[in-house]
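Structural characterization, general
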Amino acid sequence: MPGAAAPAVRAPRLSVVLPTFNERDNLPVLIERLDATLAGIAWEAIVVDDNSPDGTTEVARRLANSDPRIRVIRRVGRRGLSGACIEGMLASSADFVAVMDADLQHDETLLPKMLARLAGDGTAGNPGADLAVASRHVEGGAVGDGLSAVRASGSGLANRLARIFLHVDLSDPMSGFFMIRRAEVERLAPQLSSQGFKILLDIVASAKGSLRIVELPFVFRERLHGQSKLDTLVALDFLGLILSKLVGDLVSVRFLMFMMVGASGVVVHMVALFSLIEGFAMNFQVAQTAATFVAMTTNFYLNNRLTYRDRRLHGWAALRGLFTFYVVCGFGVIANVGVASLIYQEDAGRILIGVAGAAGAVMGAVWNYAASSVLTWRKA
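The notes below deal with the structure included here.

How each quantity is defined
Residues numbered from 1 in each chain as written. Predicted model: local features only at pLDDT ≥ 70, side-chain atom pairs only at ≥ 80, totals over all residues. Heavy atoms only, no water. Phe/Tyr/Trp six-rings, centres within 6.5 Å; stacked < 30°, edge-to-face > 60°. Helix = DSSP H or I, 4+ residues; strand = E, 2+ residues; numbered from the N terminus. Lys NZ or Arg CZ within 6 Å of the ring centre and 35° of its normal. Buried < 20%, exposed > 50% of the residue type's maximum accessible area, 1.4 Å probe, protein only. Pairing = 2+ DSSP bridges. Core = buried A, V, L, I, M, F, W, Y, C linked by side-chain atoms within 4.5 Å. Contact = heavy atoms within 4.5 Å. Axes fitted to C-alpha atoms, helices over the stretch in contact; angles between N-to-C directions.

**Regarding the packing of aromatic side chains**
Counting across every chain of the model gives 10 aromatic pairs. Judged by centre distance (5.3 Å) and plane angle (20°), the ring pair of F300 and W377 falls under stacked. With F300 in helix 10 (residues 284-307) and W377 in the segment after helix 12 (350-375), this pair connects stretches of sequence that are 77 residues apart. Among the aromatic side chains, those forming a connected cluster through ring pairs are F300, Y308, F325 and W377. Against the face of F220 rests R136, its NZ or CZ located 5.4 Å from the ring centre.

**Digging into the pairing of strand 4 (residues 96-99)**
Across the two faces of strand 4 the burial is the same, with F96 and A98 and V97 and V99 all buried. Relative to strand 6 (residues 178-181), strand 4 runs antiparallel, the two sharing four bridges. Paired with A98 across the two strands is M179, which belongs to strand 6.

**Regarding the nonpolar core**
Within the largest apolar cluster, 37 residues are counted, with the highest numbers of intra-cluster contacts made by L18, L34, L111, M114 and M179. In terms of residue count, the dominant contributor to this core is helix 4 (residues 111-119) (five residues). Filtering out sequence-adjacent residues up to four positions away, L34 remains in contact with V16, L18, W43, M100, E108 and L111. Residues V99, M174, A205 and F238 belong to the second largest nonpolar core, which totals 36 residues.

**A look at the sheet that holds strand 4**
Pairing between sheet strands relies on hydrogen bonds along the backbone, with the strands arranged either parallel or antiparallel. Strand order in the open sheet made by the seven strands is 3-2-1-4-6-5-7, with mixed pairing throughout. Both outer strands of the open sheet, strand 3 (70-74) and strand 7 (213-217), are each paired with one neighbouring strand and no more. Sheet twist, expressed as the mean angle between neighbouring strand axes with direction ignored, is 20°. Alignment of strand 1 (residues 14-20) against strand 4, held across four bridges, turns out to be parallel. Pairing of V17 across the sheet is with V99, part of strand 4. Helix-sheet contacts for helix 1 (residues 26-37) involve strand 1, strand 2 (43-49) and strand 3, and the interaxial angle to strand 1 is about 165°.

Put into structure tokens, the structure is as follows:
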């Protein structure tokens, strides 16, 4: 176990970034495994913990007190895998930076092979790659028992979408296990989104083909302790990242997520409206009002779970947030109608009517996003 005899401190050649949330039991095991597999390599581990309530930060600090190769970054008031990875990579001073999960599902024995592929042999003919990706979908790799059938199918679909829309030529762009030259991280960092979970996809899409990439097979292990922090809503997060890249990062991933949730709210509204009218014989005005509140409530829930999951509200704070969201959306309707009315003309043709309606909808959406960011999900 690291700490019995503290090793001499050397400038690290490799930094291993470990984003954590509730990984108290897994972290000591992983550090012990890194110590064994990286023998002879100057390395450090940068634990980036999103203020885990299970005491992960305290465990990491105890490990760091006995081993100077371990550093800890505790993030308060912000959460998210991509943001944690970016902060950890930018905190490194090593030439090479690896990112891997702390849940023991990634095979740490692959790290020396990844480092060798990036370092090359120093000759002009073999300068080494810029990015090494651990892939579950090349020969020798496998999903194993680490993913459910649903998550495995979703991962395969996400891979295909990434290749089609972003022209990302990787067998496994959803992998969370990779190693990259730190100089490339510094170059690409301003273009990366701190929201979401798919940091590798963001890196490769932002690089636009400028990276020399190699893929190495690995078998995804079964989690030993704790449970996965990813859920089915991550699919929306992934779609938001694709849309953001398609528009050249002109619109933030968070705003696109907010818009997608809003679009789903239209479907919820219509289903609720017809259900109340047909199933409960409500008159239109009452049913429309009730459906509006149903849609706003589901929009709040989805935004709280996904769009603002790094600022997620709980308990009484969630109830207060729901009330402020109702108020924000109410003013959003006023902004929508006001802008549309300014453009609309009585004798206007269908095209201008459409422009007026669209302008009002955009204004209402922008207001809802801006106001809810400040009032409902304000930063701590």
